[in-house]
There are 2 protein chains.
Amino acid sequence: MSADGSDRERILEEVLEDVSPSDEERRSLREAYEDVCESALEALDEEGVEGDVALVGSAARDTWLSGDRDIDVFLLLPPELDRDEFERVGLEVGKSVFPDGTVEYAEHPYVRGTESGYDVDIVPCYDIDSTDELRSAVDRTPFHNEYIKEAEVEGDEVRLLKAFARGAGVYGSDLRTRGFSGYLCELLVHHYGSFSSVVEAAADWDSGTTIDVEGHGKGKEGFDDPLVVIDPTDPERNVAAVLSRDSLARFVDWCRRWEREPSEDLFYPEEPEPMDADELVGALQERGTELICVSFDSPDVVEDQLYPQLEKTKTSLVEELERRGFDVLRSTVAANGSCLILVEMNVAEQSRVEKHVGPPVRVRKHAETFREKYEEDEDVVGPYIEDGRYVVEREREHTTARSFVESDGIFDLSIGKHVEASMESGYEVRSNEDCAAVLEEFGVEFARYFGGE
Amino acid sequence: MSADGSDRERILEEVLEDVSPSDEERRSLREAYEDVCESALEALDEEGVEGDVALVGSAARDTWLSGDRDIDVFLLLPPELDRDEFERVGLEVGKSVFPDGTVEYAEHPYVRGTESGYDVDIVPCYDIDSTDELRSAVDRTPFHNEYIKEAEVEGDEVRLLKAFARGAGVYGSDLRTRGFSGYLCELLVHHYGSFSSVVEAAADWDSGTTIDVEGHGKGKEGFDDPLVVIDPTDPERNVAAVLSRDSLARFVDWCRRWEREPSEDLFYPEEPEPMDADELVGALQERGTELICVSFDSPDVVEDQLYPQLEKTKTSLVEELERRGFDVLRSTVAANGSCLILVEMNVAEQSRVEKHVGPPVRVRKHAETFREKYEEDEDVVGPYIEDGRYVVEREREHTTARSFVESDGIFDLSIGKHVEASMESGYEVRSNEDCAAVLEEFGVEFARYFGGE
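Each chain carries its own residue numbering, running from 1 in the written order of its sequence. Each chain gets a letter, beginning with A, and each ligand a number, beginning with 1, in the order they are written. Residues qualify for local features only when their pLDDT is at least 70, as the model is predicted, and side-chain atom pairs are given and counted only at 80 or more; totals for whole chains, interfaces and linings, by contrast, use all residues. To obtain the side-chain values, all non-hydrogen atoms of the structure were included, while hydrogens and water were left out.

1. Points about the overall build of chain A
Right, on to step 1. Each helix corresponds to a stretch of at least 4 residues labelled H or I by DSSP, and each strand to a stretch of at least 2 residues labelled E; elements are numbered beginning at the N terminus. A count of helices and strands for chain A gives 15 helices and 15 strands.
Right, on to step 2. Across its three principal axes, chain A shows a C-alpha extent of roughly 80 × 60 × 50 Å.
Right, on to step 3. Categorising residues by exposure relies on relative accessible area from a 1.4 Å probe, with only protein chains included: less than 20% of the type maximum marks a residue as buried, more than 50% marks it as exposed, and the intermediate range marks it as partly exposed. Counting all 453 residues of chain A, 51% fall into the buried class.
Right, on to step 4. We call two residues in contact when some of their heavy atoms are within 4.5 Å. A sequence separation of at least 24 residues applies to 66% of the contacts in chain A between residues at least 6 apart.
Right, on to step 5. Residue exposure ignores everything except the shown protein chains as possible cover, and the areas themselves are Shrake-Rupley values with a 1.4 Å probe. Carbon and sulfur atoms provide 41% of the accessible area of chain A, an area that totals close to 21000 Å².
Right, on to step 6. This count recognises Lys and Arg as positive and Asp and Glu as negative, with His and chain-terminal groups excluded. The atoms used to mark charge sites are NZ of Lys, CZ of Arg, CG of Asp and CD of Glu. Side-chain charges of chain A comprise 47 positive and 110 negative groups, with the mean position of each set lying 7 Å from the other.

What follows is the structure, encoded as structure tokens:
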């Protein structure tokens, strides 16, 4: 069934109804901000610092989604302050506004607190005149603010795009999602003109797509990213730098779905029912594969530190298993209270011999060393010659993947610092039906995995 | 234990004793040739053709090994004869010498017969003045003859080299061995000066070795072969063209063995005892692998036709099994009264799902076709996105290698014409211990295979 333009319009109207903040929400956010702003200005005054306070981010640009409970408040501090003083003032002001607030760490520390039900970050930055004078990444934010406001980007169109990307599972520039940031959504709407134009264009994005809103003339060559969107306020920066190839592909796929058959479901995809033990057993029987789950306590770090470490661990585990002859079908990671690495292989067990390919016979020095090493070894077959090289067949160290994963060899892999520390204090390895033990925590992730999402 | 020069000399003397034809052998060969020559000249005369008769090959050049029972006699026919007449005269003369001889086929037909216990080939060629006038490959032979005789290549040194290559299993330019032809051995001795110098040089042969005896200046670039030896009588031809990379590596390995520890065994390696069923079962248990043997009647063609077809069949079978997820450890072929293709794999059975990787999502047209094809297919998982591509998991056609080998799919592989015809009239597939059924015929080959030769 294909839908005509009026269907699309009706759906978008309904979505907008849902994602646009109500007048009441706007008023309440404004009041919360004003309270924070007032306290912050007072605190700056007490510190004797000539600074200013600004609402930034989507709240300031009126591109936020209804229900968002985040407010970003920036302290614009004089560039004369040295780094220590800058950090001290930032924390003092934050603490003065939120005596019970917590100190969070990005490029520098800042205070997070709560005001009228909103999560408020009070972030210090240098009040500079141009991005040429950048002292830290957050110093850019006020320029983004200004740019988007001056460009008069239509908030409703941005909200539609954000909600659409969220529906595709690719909204957010955090390192778990590696998707589209709010600023990227704003720039895309600004560049293409509307939600619909962005979607129409993205459905045709090919590799090497570069969007240069302000015509800075910087080409794709400067960046090795799947999508390049030059920051109008800083031509050295790709706003889409964090976007992964798969998140981009997923978004493109989503845009084509919309073009094919517009549906509200694309904005609100259903979360699958958690998988239960019977379903897992059924799936494994049908697939005839070998499933290995490694689980351990989540280290006490933020998601932006945890996920890259989990991904790194998974990748090096998969590479090592492949190197050991296991054909890995698919793998994934998840984290809640605990962390999970799931690897699915074609077979549980390999033969007891593995081929060890040596140097080409013609490369005399290396060839002689190899031959000498193995010639007298009773436990190997060979050396024989294959494709011009010496080859021996030797006993495989681990005939099952499980045996390798349970061995200390796993700590020789390239795994993240915090993941390693947590695994060193203990990790569980389960295979096949026994993996049902983690379904209570990861049932939805299993449902997604076996559903092929 | 290392040996000094006198050890080497003693061994070589003993080998020479063994491989040099005795005076009695020489006389008997000469007599056999003269009888043939006389009959052939008479027959030419009867045909009214102005031709000549020549002994060629190793017998003519005194580089033959004691025990060789082959004599090559060439009829040198006038270049004025057209092809039909040339062939007719060749066969008439052959039949006149050997009324009970058989007609064999190379580039053109010739007659093979027996004289005093020798196998004699009577081969017609054009009596030309220069290789520029070559009409067929055999026309080169008289030039080789002349070149080697004029160069006064030392027969004993050639005999040592031939016996040494035979010991390494790489003597012969037939398509089963793909090794060193007699002419190649002669040229190597001529170029390096002696058996020992050839061995010393070959131990260091690197890729791209080009030997240009007459300094024709033709470089490696013209040839894509592991070893290039420019034919002094025809610079367009690589005398080592048929030598395979593995035969070359084996020879180089053999030369280094000789340098390390000279031994008579290198000239007379022991054939292994045939493997018996118990040994096979033991080897398979130790290795834990999956062995598949395909056997069928040998088609009625010469080895030079059969072996390339068997190799081709083996290669395409291995490639297909690898494509289907089976990790092939090693494979080999053999032929006696029947043909054997042996494939050893790491595992017997794969999971029931296989990954089918589609086009990159960004390539819209292909991506859409793929997605449409699989989106509604209840039997696949996906399409999902991985590394920017659509991927589905579908049911594997054959979960065991045996099941594939037994299916008609094997006839879709690229297999030689005669092998295919023979397999079409029936082939047997055996796995693991059941392969013991072919040990009676191929016990030595199995012993070699499992011994890593």
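2. Some remarks on the sheet that holds strand β14 (residues 389-395) of chain A
Right, on to step 1. The rule for pairing is simple: two strands pair if DSSP sees at least two bridges between them. If you walk across this open sheet you meet the three strands as β12-β14-β13 (chain A), and the pairing is antiparallel. Each edge of the open sheet is held by one strand with a lone partner, namely β12 (353-360) and β13 (381-386) of chain A. On average, adjacent strands in this sheet sit at an angle of 30° to one another, irrespective of strand direction.
Right, on to step 2. As a rule, the C-alpha atoms of each element are fitted with a line to give its axis, helices using only the stretch in contact, and angles between N-to-C directions run from 0 to 180 degrees. Running over the sheet, helix α9 (residues 245-260) of chain B touches β13 and β14 of chain A and is turned about 130° from β13 of chain A.

3. Quick look at the side chain of T313 of chain B
All names here are of chain B.
Right, on to step 1. Within the element layout of this structure, T313 appears in helix α11 (residues 303-323).
Right, on to step 2. Under the relative-accessibility criterion, T313 is labelled buried at 4%.
Right, on to step 3. If we skip the residues at most four places from it in the chain, T313 touches I341, S414, I415, G416 and V419.

4. A look at the packing of helix α10 (residues 277-287) of chain A against helix α15 (residues 439-451) of chain A
Residues and elements named next belong to chain A.
Right, on to step 1. Where α10 contacts α15, the two axes come as close as 11 Å, and the packing angle between them is 40°. For the pair α10 and α15, the sense of crossing is left-handed. For the pair α10 and α15, the contacting residues are A277, L280, A283, L284 and R287 in the first and L439, F446 and F450 in the second.
Right, on to step 2. As a working rule, the residues Ala, Val, Leu, Ile, Met, Phe, Trp, Tyr, Cys and Pro are called nonpolar, Asp, Glu, Lys and Arg charged, and the rest polar, with Gly in that last group. Grouping the amino acids of the contact of α10 with α15 by side-chain chemistry returns seven nonpolar, no polar and one charged. Here a crossing is taken to be left-handed if its near helix is turned anticlockwise relative to the far helix by less than a right angle, and right-handed if that turn runs clockwise.

5. A few points about the relation of the copies chain A and chain B
Right, on to step 1. What sets the superposition is a least-squares fit of C-alpha atoms, and only residues with pLDDT of at least 70 in both copies go into it. In screw terms, the move from chain A to chain B is a rotation of 180° and a rise of 0.0 Å along the axis, fitting with an RMSD of 0.1 Å. The transformation just described matches what one would write down for a two-fold rotation axis. It is V347 of chain A whose C-alpha, among those of chain A, lies nearest the rotation axis, at 4.0 Å.
Right, on to step 2. Comparing interface residues between copies, 100% of those in chain A also sit at the interface in chain B, which points to an isologous, same-surface contact.

6. Describing the interface of chain A and chain B
By a widely used convention, the size of an interface equals the accessible area lost when the partners come together.
Right, on to step 1. At the interface, 50 residues of chain A touch 50 residues of chain B.
Right, on to step 2. Carbon and sulfur atoms supply 44% of the area buried between chain A and chain B, which totals about 4200 Å² over both sides.
Right, on to step 3. A simple way to read buried area is as the amount of 1.4 Å-probe accessible surface that goes missing from two parts once joined, with both sides added. Looking at the side of chain A facing chain B, the largest losses of area belong to R256, R362 and R364 of chain A, adding up to 15% of the total buried there.
Right, on to step 4. Whenever a carboxyl oxygen of Asp or Glu lies within 4 Å of a side-chain nitrogen of Lys or Arg, that contact is scored as a salt bridge. Summed over the shared surface of chain A and chain B, the result is 14 salt bridges.
Right, on to step 5. A salt bridge links R330 of chain A to E393 of chain B, with the shortest nitrogen-to-oxygen separation between them at 2.6 Å.
Right, on to step 6. Definition of a polar contact: a pair of N or O atoms within 3.5 Å, with one able to donate and the other able to accept a hydrogen when the atoms are protein atoms, and with sequence-neighbouring residues admitted only if both atoms are side-chain atoms. Inspection of the region where chain A meets chain B yields 33 residue pairs in polar contact (both at pLDDT 80 or more).

7. Side note on the sheet that holds strand β5 (residues 118-126) of chain A
Residue and element names in this part refer to chain A.
Right, on to step 1. Reading across the sheet, the five strands line up as β1-β2-β5-β4-β3 and stay open at both edges, with mixed pairing between neighbours. Pairing within the sheet leaves two strands with one partner each, and these edge strands are β1 (52-56) and β3 (102-105). On average, each strand axis in the sheet is inclined to that of its neighbour by 30°, with strand direction left out of account.
Right, on to step 2. Summarising the sheet, β1 and strand β2 (residues 70-77) pair through five bridges and their orientation is antiparallel. Following the sheet pairing, D52 is matched in β2 by L76.
Right, on to step 3. Its contacts with the sheet place helix α2 (residues 23-47) against β1, β2, β4 (109-115) and β5, and it is angled at close to 155° to β1.
Right, on to step 4. Here helix α4 (residues 83-97) sits on the sheet and contacts β2, β3, β4 and β5; the angle it forms with β5, its principal contact strand, is near 155°.

8. Examining unusual backbone geometry
Right, on to step 1. With an omega of 5°, the peptide bond between G382 of chain A and P383 of chain A qualifies as cis.
Right, on to step 2. Along the chain, P383 of chain A falls in strand β13.
Right, on to step 3. Phi at E152 of chain B takes a positive value of approximately 50°, unusual for a residue other than glycine.
Right, on to step 4. Here E152 of chain B is to be found in the loop between α5 (141-150) and α6 (155-168).
Right, on to step 5. With a phi angle near 50°, D387 of chain B is a residue other than glycine that sits in the positive phi range.
Right, on to step 6. By the secondary structure assignment, D387 of chain B is in the loop between β13 (381-386) and β14 (389-395).
Right, on to step 7. Judged by relative accessible area, which is 49%, D387 of chain B ranks as partly exposed.

9. Regarding the pairing of strand β7 (residues 228-231) of chain B
Residue and element names in this part refer to chain B.
Right, on to step 1. The side-chain alternation of β7 yields two buried faces, one formed by V228 and I230 and the other by V229 and D231.
Right, on to step 2. Bridge count between strand β6 (residues 210-211) and β7: two bridges; the pairing is parallel. Across the sheet, the residue bridging to I211 is V229, located in β7.
Right, on to step 3. Where β7 folds back on strand β8 (residues 234-238), the antiparallel hairpin that results is connected by two residues.

10. Concerning the nonpolar core
Right, on to step 1. Residues belong to a common nonpolar core when they are buried Ala, Val, Leu, Ile, Met, Phe, Trp, Tyr or Cys residues joined through side-chain atoms within 4.5 Å. Residues L310 and L321 of chain A together with L317 and L321 of chain B are the most contacted members of the largest nonpolar core, which totals 56 residues.
Right, on to step 2. If we ignore the near neighbours within four places in the chain, the residues touching L317 of chain B are I341, V343, F404, V405, I410 and L413 of chain B.
Right, on to step 3. Residues V380 of chain A together with L188, V189 and F195 of chain B belong to the second largest nonpolar core, which totals 55 residues.

11. Side note on the environment of G182 of chain A
Residues and elements named next belong to chain A.
Right, on to step 1. As for its position among the elements, G182 is in helix α7 (residues 182-192).
Right, on to step 2. In sequence terms G182 and K162 are 20 residues apart; their C-alpha atoms lie 7.0 Å from each other.
Right, on to step 3. Contact partners of G182, with chain neighbours within four places excluded, come to K162 and Y171.

12. Thoughts on a negative patch on the surface
Right, on to step 1. Without a salt bridge and with relative accessible area above 30%, a residue can belong to a patch; like charges are then joined within 9 Å and nonpolar side chains (Val, Leu, Ile, Met, Phe, Trp, Tyr) within 5 Å. On the surface, E31, E34, D35, E38, E42, D45, E46 and E50 of chain B cluster together to form a negatively charged patch.
Right, on to step 2. For E34 of chain B, the location among the structural elements is in helix α2 (residues 23-47).

13. Quick look at the packing of helix α5 (residues 141-150) of chain A against α7 of chain A
Residues and elements named next belong to chain A.
Right, on to step 1. Close contact between α5 and α7 brings their axes to 11 Å; oriented N to C, the two are set at 30°. In terms of their interaxial angle, α5 and α7 are classed as roughly parallel. α7 is crossed by α5, and the crossing has left-handed handedness. For the pair α5 and α7, contact is made by H144, Y147 and I148 and by Y183, E186, L187 and H190, respectively.
Right, on to step 2. Here the residues of the contact of α5 with α7 are counted per class, giving four nonpolar, two polar and one charged. Put simply, angles under 35 degrees are roughly parallel, angles over 145 are roughly antiparallel, angles from 65 to 115 are roughly perpendicular, and the rest are oblique.

14. Looking at the pattern of salt bridges
Right, on to step 1. Under the criterion given, the structure shown has 70 salt bridges over all chains.
Right, on to step 2. Salt-bridge contacts for D253 of chain A lead to R257 of chain A; the nearest nitrogen and oxygen are separated by 2.9 Å. Within this pair, D253 of chain A and its partner R257 of chain A are both found in helix α9 (residues 245-260), separated by four residues, close to a single helical turn.
Right, on to step 3. Salt-bridge contacts for E320 of chain B lead to R323 of chain B; the nearest nitrogen and oxygen are separated by 3.0 Å. Placement of both E320 of chain B and R323 of chain B in helix α11 is noted, with a separation of three residues, approximately one turn of the helix.
Right, on to step 4. In this structure R323 of chain B comes out as exposed when scored by relative accessible area, which is 58%.

15. Re the confidence of the model for chain A
Right, on to step 1. pLDDT expresses how confident the predictor is about each individual residue, on a scale running from 0 to 100. Taken over all residues, the pLDDT of chain A has a mean of 92, while the share at 70 or more is 98%.
Right, on to step 2. Interface confidence in the predicted complex, given as ipTM, is 0.89; pTM for the same model is 0.85.

16. Re the packing of aromatic side chains
Right, on to step 1. Between rings of Phe, Tyr and Trp, where Trp is taken as its six-membered ring, a pair exists when centres lie within 6.5 Å; planes separated by under 30 degrees are stacked, by over 60 edge-to-face, and by other angles tilted. Counting across every chain of the model gives 31 aromatic pairs over all chains.
Right, on to step 2. An angle of 10° between the planes, with centres 6.5 Å apart, marks the rings of F370 of chain A and Y390 of chain A as stacked. Residue F370 of chain A is found in helix α12 (residues 364-375), and its partner Y390 of chain A is found in strand β14; the two are separated by 20 residues along the sequence.
Right, on to step 3. Among the residues examined, Y390 of chain A registers a relative accessible area of 2% and is labelled buried.
Right, on to step 4. The interplanar angle of 80° and the centroid separation of 5.1 Å between the aromatic rings of Y449 of chain A and F450 of chain A together place this pair among those described as edge-to-face.
Right, on to step 5. Cluster of aromatic residues (ring-pair linked, three or more members): F164, F180, Y192, F195, W205, F251, W258 and F267 of chain B.

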